[in-house]
Amino acid sequence: MKVAEGTVGRVAVVGAGLSGLAAARRLTAGGASVRIFDKARGPGGRCSTRRAEGHAFDHGAQYFTCRDPAFEPWVAQWRASGAVERWRGRIARLEAGRSRPDSGRTERFVGVPGMSALGRALARGLDLTLGCRIERLERDGRHWRLVDADGAAHAPFEQVVVAVPAEQAVPLVEPVPDLAVALGQVEMEPCWAALVAFEDRVAADFDGAFVSDAPLSWVARNGSKPGRPAAECWVLHATPDWTRSRLELSREQAAEALREAFHRALGADLPRAVHQDAHRWRYASTGTALGRPFAFDRASGVGACGDWCEGGRVERAVLSGEALAQAMLQT
Ligand SMILES: Cc1cc2nc3c(=O)[nH]c(=O)nc-3n(C[C@H](O)[C@H](O)[C@H](O)COP(=O)(O)OP(=O)(O)OC[C@H]3O[C@@H](n4cnc5c(N)ncnc54)[C@H](O)[C@@H]3O)c2cc1C
């Protein structure tokens, strides 16, 4: 049963990725007064777009799928607002210099003009404070107080949604030991992403490919997605194993190694790179998931959500945030 409007109280959401934003939207619709805090410069978290020297790269999430009917209304709203379109790129499997078309019938969606459009659309109209890293939660009588990296306190809140990658959530939920123990079981995997703009078109007969030859796991021609500049920008993702053993590479070293690996995997010469960089995602995907849609300690009012709850994808992140919000709204 939903509580009457206005009685849900004040809720803080730490993390403006898709799970935190979905939770915030659902809580706001249910009558809560919601404030969101994120350490980054924009909303969207791992669904993001990097722009550099006139080039654009979706360096985190590449696309998303909609398998659960519960996710359909979210996708419909994004599409209606123009923030999402279908990506009809040619998807392949690449192995030992040979590509073969991916035989699946998966419908793939992307944010327009970049993946960061998803977070921007969800954040519209919400009370969002950016550039604010929350360091700890403190109990203040019957309320929660959030203390940020500058020592400033944000309060009072009856409930708190922690919507950050599990390993980063553990220290935040320390005042609620059962939650900290549950989240401590989750394991996340890292990913180096190389972002390379080529002078000319790459001789590949696909726009995105799942790669079997380590160190690469996925490569994509960013400009093949709707609404992107036509420039020949590629995103090259490394496997978790390769990344884990090379976390301390410099961005230049990682980009160089992955571009070279792309050359080998493709079995063809690459045009000259006119821009090259890399981004290290420490918490990119989920190794060991929580195994349920969210974690919530009703007595304290603190809950946690994210893609790591059930499988590490955009769809699961949104549904995790929505499910936690629904639990918080119920008496
Ligand atoms: C390289 C890569 C490729 C991917 N490919 C795909 C794909 O093709 N398809 C797909 O469906 N999914 C993909 N994903 C996964 C997808 O991006 C995630 O499932 C989804 O974006 C997770 O959303 P989230 O809200 O759970 O977490 P996040 O997006 O990580 O959001 C967490 C937010 O919390 C903020 N934050 C963290 N700590 C604090 C703090 N202490 N204080 C304040 N703010 C804080 C962060 O800045 C961030 O904005 C990929 C991810 C990566 C990295």
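Residues numbered from 1 in each chain as written. Predicted model: local features only at pLDDT ≥ 70, side-chain atom pairs only at ≥ 80, totals over all residues. Heavy atoms only, no water.

Chemist: Describe the site of the ligand, naming the residues involved and giving the relevant values.
Modeler: Around the ligand, a shell composed of 36 residues is seen, among which S19, D38, R46, Y63 and D307 lie nearest. S19 is positioned with one of its side-chain polar atoms (N or O) 2.8 Å from an oxygen atom of the ligand. Between the ligand and R46, the relevant distance is 2.7 Å, taken from an oxygen atom to a side-chain nitrogen or oxygen of the residue. Here the ligand loses 93% of its free accessible area of 1000 Å² to cover by the protein chains. When contributions to the shell around the ligand are tallied by element, the ones reaching two or more residues are α1 (18–29), β18 (273–288) and α8 (314–329). Its residues assigned to classes, the shell around the ligand shows 18 nonpolar, twelve polar and six charged. A domain split of the shell around the ligand shows at least three residues from each of domain 1 (10–39 + 131–186 + 292–329) and domain 2 (56–115 + 187–287). (Near = heavy atom within 4 Å. Polar contact = N/O pair within 3.5 Å; in protein donor to acceptor, adjacent residues only side chain to side chain. Areas by Shrake-Rupley, 256 points an atom, 1.4 Å probe, with all protein chains shown as cover. Helix = DSSP H or I, 4+ residues; strand = E, 2+ residues; numbered from the N terminus. Nonpolar A, V, L, I, M, F, W, Y, C, P; charged D, E, K, R; others polar. Domains from an automatic or database assignment.)

Chemist: Run through the environment of A304, naming residues and quoting values.
Modeler: Mapped onto the fold, A304 is located in strand β20 (residues 302–304). When near neighbours in sequence (up to four residues on either side) are disregarded, A304 contacts V162, L183, F294, A295, C309 and L324. (Contact = heavy atoms within 4.5 Å.)

Chemist: Can you lay out the domain arrangement of the protein for me, pointing to particular residues and giving the numbers?
Modeler: The assigned domain composition of the protein is domain 1 (10–39 + 131–186 + 292–329) and domain 2 (56–115 + 187–287). Once you take the C-alpha centre of each, domain 1 and domain 2 turn out to be 29 Å apart. At the junction of the two partners, domain 1 supplies 18 residues and domain 2 supplies 15 residues. Taken together, both faces of the contact between domain 1 and domain 2 bury some 1400 Å²; the carbon and sulfur share is 65%. It is E167, V314 and E315 in domain 1 that bury the most area against domain 2; as a group they hold 35% of the surface buried on that side. Here domain 1 and domain 2 share one salt bridge between them. When the shortest N-O distance is used, the salt bridge between R316 and D68 registers 3.6 Å. Our count for the domain 1 to domain 2 interface comes out at three residue pairs in polar contact (both at pLDDT 80 or more). Elements supplying a minimum of two residues to the side of domain 1 that touches domain 2: α1, α4 (166–172) and α8. Of all the elements, α8 adds the most residues to the side of domain 1 that touches domain 2, at six residues. A per-class count over the side of domain 1 that touches domain 2 returns eight nonpolar, four polar and six charged. (Buried area = accessible area lost by both parts, 1.4 Å probe. Salt bridge = Lys/Arg side-chain N within 4 Å of Asp/Glu carboxyl O.)

Chemist: Would you mind going over the packing of α1 against helix α3 (residues 116–123) in detail, with residue names and values included?
Modeler: When two helices pack together, their arrangement is given by the angle between the helix axes and the distance between those axes. Across the interface, α1 lies against α3 with an axial gap of 9 Å and an inter-helix angle of 20°. By the angle between their axes, α1 is roughly parallel relative to α3. Seen along the crossing, α1 lies across α3 with a hand that is left-handed. When α1 is examined against α3, the residues L18, L21, A22 and R25 are found in contact with a partner set consisting of L118, G119, A121, L122 and A123. Of the residues contributing to the contact of α1 with α3, the split by class is seven nonpolar, one polar and one charged. (Axes fitted to C-alpha atoms, helices over the stretch in contact; angles between N-to-C directions. Parallel < 35°, antiparallel > 145°, perpendicular 65-115°, else oblique. Left-handed = near helix turned anticlockwise from the far one by under 90°.)

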